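Reading the structure
Each chain is listed here by its residues.
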Amino acid sequence: MTHNRLTKQDLKEDTFVTTMINAWEYVVRHQSAFFIGLIAVIVIVAGSLWMSGARSRTRTEARTQYAEALAAFRNGDLKTAEEMFKIITERYGNLEEGAYASYLAGKCALEDGRNTHAIEMFEGYLDSAGKHPFFRDAAMEGLAVAWENERDYAKAAEYYVGLADGAKTNSFMEAVYLRRAVDVLKLAAQRDKAVELLERLEELATGTEKRDIEIEINALRG
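I will try to describe carefully the structure that is included in this document. (Residues numbered from 1 in each chain as written. Predicted model: local features only at pLDDT ≥ 70, side-chain atom pairs only at ≥ 80, totals over all residues. Heavy atoms only, no water.)

1. Details of the overall build of the protein chain
Within the protein chain one finds eleven helices and zero strands. Starting at the N terminus, the α and β elements of the protein chain follow one another as α-α-α-α-α-α-α-α-α-α-α. Within the protein chain, counting contacts between residues at least 6 apart in sequence, those at least 24 apart form 46% of the total. Accessible surface, the protein chain: about 14,400 Å² in total, of which carbon and sulfur atoms supply 56%. (Helix = DSSP H or I, 4+ residues; strand = E, 2+ residues; numbered from the N terminus. Contact = heavy atoms within 4.5 Å. Areas by Shrake-Rupley, 256 points an atom, 1.4 Å probe, with all protein chains shown as cover.)

2. Considering the nonpolar core
Within the largest apolar cluster, 58 residues are counted, with the highest numbers of intra-cluster contacts made by Tyr66, Phe85 and Tyr125. At nine residues, helix α5 (residues 96–111) tops the list of elements feeding residues into this core. Discounting residues that sit within four places of it in the chain, Tyr125 has contacts with Ala99, Tyr100, Ser102, Tyr103, His132, Pro133, Phe134, Phe135, Arg136 and Ala139. (Core = buried A, V, L, I, M, F, W, Y, C linked by side-chain atoms within 4.5 Å. Buried < 20%, exposed > 50% of the residue type's maximum accessible area, 1.4 Å probe, protein only.)

3. Digging into unusual backbone geometry
Residues other than glycine seldom take positive phi values, yet Arg151 does so here, at roughly 65°. The phi dihedral of Ala189 is positive, around 60°, even though this residue is not glycine. The residue Ala189 is located in the loop between α9 (174–187) and α10 (191–204) in this model.

4. Quick word on the side chain of Glu97
If you trace the backbone, Glu97 turns up in helix α5. Given the relative accessible area of 6%, Glu97 is considered buried. Excluding its chain neighbours within four sequence positions, the residues that come into contact with Glu97 are Arg59, Ala62, Arg63, Tyr66 and Ile88.

5. Topic: the packing of aromatic side chains
Using the criterion set out here, one finds nine aromatic pairs in the structure. When the ring of Tyr100 is compared with that of Phe135, the centres are 5.2 Å apart and the planes differ by 90°; the resulting orientation is edge-to-face. In this pair, Tyr100 sits in helix α5 while Phe135 sits in the loop between α6 (115–127) and α7 (136–149), placing the two residues 35 residues apart along the sequence. Residues Tyr100 and Phe135 agree in their burial class; the two are buried. (Phe/Tyr/Trp six-rings, centres within 6.5 Å; stacked < 30°, edge-to-face > 60°.)

Any functional reading would require information that these geometric values do not contain.
Quick look at the structure:
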């Protein structure tokens, strides 16, 4: 039994063979551009993998340094902890650890009695609190305390009122923040504002506490 040989015409009419031949001829004619494109793809893929690995390494480093700084803070070594938190903030400010480190550096400064430095760090944290809000209320309270320590009672009242109006995690503390705001406003000799807040506080109070607030309001009004 003999096999029929394919003629040139048969080859031309074979779609698969024709397509492969055309593709090969195209590659041969454009081999320089083809290999340049292939190299470009390889470079892009390799770059993406490198960037992904670099981000992973950066996050691991941030977490490690953050954990070390927290350990120093918990052990009462505030000076060391503060310096470590500040370094983390500078290096990893765009990460969660960097944002939280800014707040914790402020807390170290506040506990060490350096109010102006604490204010700077707390305000720095609040600038990024939109993305990382966990310490938002704590930072505002820290600012209120720092300004109160600096005897800028009106400024302290602003933060206490801000917490009373819109605390994210401590909404149950509304009455406490209102009372603190009233107390510092009285120190600032701003009786009218203190009365306004006392009237809000009165609505939240019951029993003898409500009666005491009424007495306080009358006394402030003279």
